[in-house]
Amino acid sequence: MRWWDIEPVLALERELFPEDAWSAGMFWSELAHARGAGATRRYLVAERDGRVVGYGGLCAIDATGDIQTIATARDQWGTGLGARLLTELLSAATAFECREVLLEVRVDNLRAQRLYERFGFEPIGFRRGYYQPGNVDALVMRLVMRPTTESAEPSASAEPSASAEPSASPASPVHGTQGNPTHG
Ligand SMILES: CC(C)(COP(=O)(O)OP(=O)(O)OC[C@H]1O[C@@H](n2cnc3c(N)ncnc32)[C@H](O)[C@@H]1OP(=O)(O)O)[C@@H](O)C(=O)NCCC(=O)NCCS
């Protein structure tokens, strides 16, 4: 994603997240961290026939990735585009050497939850009232990344692992400070 993609992304954002759409400033701020040697973000857009039809973003800090947002245009749902974007974001997480990837998803967004489950994400807790103003809880999900082999070459593998690690109880509340409420 580059700055000139922000306008078409915002149009999708307002349609797909009508209650808590990110502002242009939030995307500008994310993109400011996506370039250069110390980059901590990877933002993508998918285009079809010159139109932006999907986007997603990952933040990676201290070996922990966080899916910040992921969305596809309504007329693309069910075509596998969401899965392709998620595959790319997990590939970026591998490049950032993340050991785990977290995300928040509305408890009522079963479609997105199914997508994440297919990739091996597991529920680890809730953030109560995370989505405002609707006061909707977020389900927190986690994917433990497969350790890469000892190699100087960065692994290109985006294969998510089926983690052998026990997860925290799905009912446990998750605490911690947050930046932007995330959409993924
Ligand atoms: C959640 C979201 C990103 C999923 O994107 P998508 O493009 O529909 O995702 P996919 O097509 O990869 O997978 C979705 C479904 O389509 C099915 N599918 C995938 N490829 C397919 C194909 N070629 N033909 C038919 N169906 C297909 C998948 O099996 C999946 O079905 P299931 O959910 O019943 O298991 C999208 O619905 C969206 O943008 N929603 C609004 C924003 C949002 O909620 N974002 C997530 C915030 S946490």
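Residues numbered from 1 in each chain as written. Predicted model: local features only at pLDDT ≥ 70, side-chain atom pairs only at ≥ 80, totals over all residues.

Q: Hey, could you run me through the sheet that holds strand β5 (residues 122–131) in this one?
A: Two orientations exist for strands paired in a sheet by backbone hydrogen bonds: parallel and antiparallel. Pairing is mixed in the open sheet, where 6 strands are placed in the order β1-β2-β3-β4-β6-β5. The sheet is open, and its two borders are formed by β1 (41–48) and β5, each paired with just one other strand. The average angle at which neighbouring strand axes cross in this sheet is 25°, direction not considered. Summarising the sheet, β5 and strand β6 (residues 136–144) pair through 6 bridges and their orientation is antiparallel. If you follow arginine 127 over to β6, its bridge partner there is alanine 138. Running over the sheet, helix α1 (residues 6–16) touches β1, β2 (51–61) and β3 (64–72) and is turned about 85° from β2. Docked against the sheet, helix α3 (residues 81–95) engages β1, β2, β3 and β4 (100–106), running at close to 30° with respect to β2. (Pairing = 2+ DSSP bridges. Helix = DSSP H or I, 4+ residues; strand = E, 2+ residues; numbered from the N terminus. Axes fitted to C-alpha atoms, helices over the stretch in contact; angles between N-to-C directions. Contact = placed C-beta atoms within 7 Å.)

Q: When you look at the pairing of β4 in this model, what are you seeing that I'm missing?
A: Regular strands place side chains that alternate from one sheet face to the opposite one. Direction of pairing for β3 relative to β4: parallel, over a ladder of 4 bridges. In the sheet register, aspartate 66 faces β4, and the bridge partner there is leucine 102. Between β3 and its parallel partner β4, the chain crosses via α3, and the hand of that crossover is right-handed. (Right-handed = clockwise from strand over helix to strand, strands pointing away.)

Q: In this structure, what is going on with the site of the ligand? I would like to understand it.
A: Around the ligand, the surrounding shell holds 20 residues, and the nearest of these are Ala71, Trp77, Gly80, Gly82 and Ala83. Every element with two or more residues in the shell around the ligand is listed here: β3, α3 and α4 (110–118). Here the shell around the ligand gets 4 residues from one element, more than from any other, and that element is α4. When its residues are assigned to classes, the shell around the ligand shows 9 nonpolar, 9 polar and 2 charged. (Near = placed C-beta within 6 Å. Nonpolar A, V, L, I, M, F, W, Y, C, P; charged D, E, K, R; others polar.)

Q: Looking at this model, I keep getting lost on α1. Mind explaining?
A: Think of an α-helix as 3.6 residues a turn; residues three or four steps apart then line up on the same face. Taken residue by residue, α1 has Ile6, Val9, Leu12 and Glu13 as its buried positions. What you see down the axis of α1 is that its buried residues fit within an arc of 125°, all on one side. Those residues of α1 that are exposed and angled more than 90 degrees off the buried face are Glu7, Arg14 and Glu15. Residues of α1 that are buried make contact with α2 (24–32), β1, β2 and β3. (Buried ≥ 20, exposed ≤ 12 C-beta atoms within 10 Å, placed from the backbone. Arc of directions from axis to C-beta.)

Q: Can you help me understand unusual backbone geometry in this one?
A: That bond from glutamine 132 to proline 133 is cis: its omega, 10°, falls within 30 degrees of zero. Positionally, proline 133 belongs in the loop between β5 and β6. The phi dihedral of aspartate 49 falls on the positive side, at around 50°, and the residue is not glycine. Here aspartate 49 lies in the loop between β1 and β2. By the C-beta count within 10 Å, which is 5 here, aspartate 49 ends up exposed. Despite not being glycine, aspartate 62 shows a phi value in the positive range, around 50°. On the secondary structure map, aspartate 62 appears in the loop between β2 and β3. The exposure class of aspartate 62 is exposed, given the 7 C-beta atoms found within 10 Å.

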